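Listed here are the chains, written in short residue letters.
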Amino acid sequence: MKTIGAFKAPPDSAGSARAFSRIGYDLAEALADLIDNSIDAEASLVEITFFRNTERLTAVTIADDGRGMSASALKTAMQFATSVRHKPTDLGTFGLGMKSASFSQCHSLTVVSRQAGKVAACRWTDEAIKADWRCELLDPKEAEKAFAGAFSSKGETRKHGTVVVWDRLDRLGAAEGELDEFLAKTMSQLEIKLGLVFHRFIARSGLKILLRAKSEQSDFALPHVVKPLDPFAYPAPGKAGYPKTFTTNLPGAGQIKLEGHIWPPGAASPEFLLGRRRATPHQGFYFYRNNRLIQAGGWNDFLKDTNDPELALARIAVDLPSEGTATNVQKSAIQVSTALTQALSRARAGGSSLADYLEDARAMLRSQKRRPRANAAAPAVPGVGVPVQVRRNVRKLVAKKGVAREIDFAWESLPKGKVFDLDRVDDRIVLNKKYRHLILGHARASGADAPVVKTLLFLLLQDDFSRARFSAQRREWIRRCNAVLLEAVKTL
Ligand SMILES: Nc1ncnc2c1ncn2[C@@H]1O[C@H](COP(=O)(O)OP(=O)(O)OP(=O)(O)O)[C@@H](O)[C@H]1O
Ligand SMILES: [Mg+2]
């Protein structure tokens, strides 16, 4: 058809504010998008702080010690879909992440940046976007205070760095009276997700990511250090000859390498389970771009069944070239083109294809199934619910070959007479939620609270998880332990 004219139709500002807040990021993805920016700015420290009062979260700050921005660079950075020239090794591509990630979680985004000692600050709010995209410039003196308050170590004055502040967080809420639990759960999930996405940066380049929750009433907030969670860190491969490097050609991107791994059967380490009870959902491709994990598992279009229980041990690391493959805006998935799917099926390692690899991974798992409860004989160690250092150190002490059976802890509703219960199907010790505040005393509830009580219960009950039969006598013993403990709890 012939063009007969043209008219300008820029996006409507009110509609844009609404639409940007609907780009589907989860909290970890949104924070990861900001950490990408910190890494591009050569930061070695990123501190994420959840500010709270007694009822709710009041703000989240993401502070880094990167190179910072000048006042004019900050103005450019605030623009949606800004055109910043990126190096091929940069994590940023779209010129959008900082804004889209932030507006998925909050209604007010402030960025304070410091370069060569000079501070500049800007703010976007829903209203400012609606008022025809008028970004606010903020008083640098006040901004300097906010900048300093976002770091836990106040000793030295930082001459450069950037602090992103999320205010008006109605998305990030907890039900009434459940803020402690919400924060504890959020922090432990973030530790896992961020530890996974940035594991290469944390382990190889010494990037330090800190998470802390800070109450308005107190200055004290113990930071959690995010540890690297490498999805390929097993003590020994499940099958000799693996990992195997497959190569293929991707039109427009050149040669790509796929590293096919087979995890050892019976693995139950955090690196295998990645925060879940079972590893089945973690099989598949692990796509990295510039060392940042974009996608953790999934077969894309390569296999129909994305959660094949027989492929639970199969993980393939793929380092994608920065050109020639596309991610979604959230950088949480690779957009798989027909070309990529075809390239994957052409991949070869010597005479073998990815199909042969999958067969090997299946055979390995089947051989494990023939030995029912393969890890029943493995030593029991405390799992989710006690501090990571306890888990790691106990494992070092008792699981010489690295294979262990993790016993997790959970607070749930149990009948009044019980302080704890055993869940032998899912290898868990369940504690009665009713007595949580009594047991914790003045300590705050968290994913790894009451470590001493939990560890003692673990020591008391560890053998019960490997017993083939749970005798009436043993049941009576557990009942008596409960009765005695309950007497003690009642005095708290
Ligand atoms: N923490 C930071 N330190 C220094 N500069 C930053 C920081 N955060 C953002 N910037 C600057 O702001 C620009 C815009 O960031 P934004 O995340 O919106 O887009 P991007 O990183 O260019 O691309 P993408 O949308 O893929 O993330 C960046 O290119 C960078 O120049
Ligand atoms: Mg970015």
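Residues numbered from 1 in each chain as written. Chains lettered and ligands numbered in written order. Predicted model: local features only at pLDDT ≥ 70, side-chain atom pairs only at ≥ 80, totals over all residues. Heavy atoms only, no water.

The protein chain carries the name ATP-binding protein in an unreviewed UniProt entry, which gives Phenylobacterium hankyongense as its organism.

Enquirer: Describe the layout of surface pockets, listing the residues and the values that go with them.
Expert: Roughly 710 Å³ of internal volume is contained in the second largest pocket. Taken together, 32 residues form the lining of the second largest pocket, with Asn-37, Met-69, Ala-77, Val-84 and His-86 sitting closest to its centre. For the lining of the second largest pocket, the elements supplying multiple residues, two or more each, are α2 (27-40), β2 (57-64), α3 (71-78), α4 (97-103) and β6 (161-167). When residues in the lining of the second largest pocket are grouped by element, the largest group, 5 residues, is from α2. Grouping the constituent residues of the lining of the second largest pocket by class yields 11 nonpolar, 12 polar and 9 charged. (1 Å grid on protein atoms, 1.4 Å probe; cavity = no way out; pocket = protein on both sides within 12 Å on 5 of 7 lines; lining within 4 Å. Points joined across faces, edges and corners; volume = space filled by probe spheres on them. Helix = DSSP H or I, 4+ residues; strand = E, 2+ residues; numbered from the N terminus. Nonpolar A, V, L, I, M, F, W, Y, C, P; charged D, E, K, R; others polar.)

Enquirer: Report on the packing of aromatic side chains, specifying residues and quantitative values.
Expert: Under the counting rule described, the total for this entry stands at 15 aromatic pairs. Relative to Trp-133, the ring of Phe-80 lies with its centre 5.4 Å away and its plane at 70 degrees, an arrangement referred to as edge-to-face. Of this pair, Phe-80 sits in the loop between α3 and α4 while Trp-133 sits in the loop between α5 (126-130) and β5 (136-137), and the two are 53 residues apart along the sequence. Members of the aromatic cluster, each reached through a chain of ring pairs, are Phe-20, Phe-80, Phe-103, Trp-124 and Trp-133. Between the NZ or CZ atom of Arg-158 and the centre of the ring of Phe-151, over which it lies, the distance is 4.2 Å. The aromatic ring of Tyr-288 is capped on one face by Arg-200, whose charged end is 3.6 Å from the ring centroid. (Phe/Tyr/Trp six-rings, centres within 6.5 Å; stacked < 30°, edge-to-face > 60°. Lys NZ or Arg CZ within 6 Å of the ring centre and 35° of its normal.)

Enquirer: Go over the nonpolar core with me, naming the residues and quoting the values.
Expert: Judged by nonpolar contacts, the single largest core of 52 residues is most densely connected at Ile-35, Ile-48, Phe-50, Ile-62, Trp-166, Leu-194 and Phe-198. Counting residues per element, this core draws most heavily on α2, which supplies 8 residues. Those residues within four positions of Ile-48 in sequence are excluded, and the remaining contacts are Leu-31, Ile-35, Val-60, Thr-61, Ile-62, Leu-194, Ile-209, Leu-210, Leu-211 and Arg-212. Membership of the second largest hydrophobic core comes to 36 residues, among which are Ile-256, Leu-258, Leu-320 and Ala-349. (Core = buried A, V, L, I, M, F, W, Y, C linked by side-chain atoms within 4.5 Å. Buried < 20%, exposed > 50% of the residue type's maximum accessible area, 1.4 Å probe, protein only. Contact = heavy atoms within 4.5 Å.)

Enquirer: Quick one: what's the story with the environment of Asp-356, residue by residue and with numbers?
Expert: Relative to the helices and strands, Asp-356 resides in helix α11 (residues 354-370). Of the polar contacts made by the side chain of Asp-356, one reaches the backbone nitrogen of Ser-353; its length is 2.8 Å. (Polar contact = N/O pair within 3.5 Å; in protein donor to acceptor, adjacent residues only side chain to side chain.)

Enquirer: Which residues make up the pattern of salt bridges, and what values do they have?
Expert: Under the criterion given, the structure shown has 23 salt bridges. Here Arg-444 and Asp-180 are joined by a salt bridge, their closest N and O atoms 3.8 Å apart. A residue pair is termed long-range when its members are at least 10 positions apart, and Arg-444 in the loop between α13 (436-440) and α14 (451-461) and Asp-180 in helix α7 (residues 179-197) qualify at 264 residues. Accessibility expressed as a relative area gives 45% for Arg-444, which makes it partly exposed. (Salt bridge = Lys/Arg side-chain N within 4 Å of Asp/Glu carboxyl O.)

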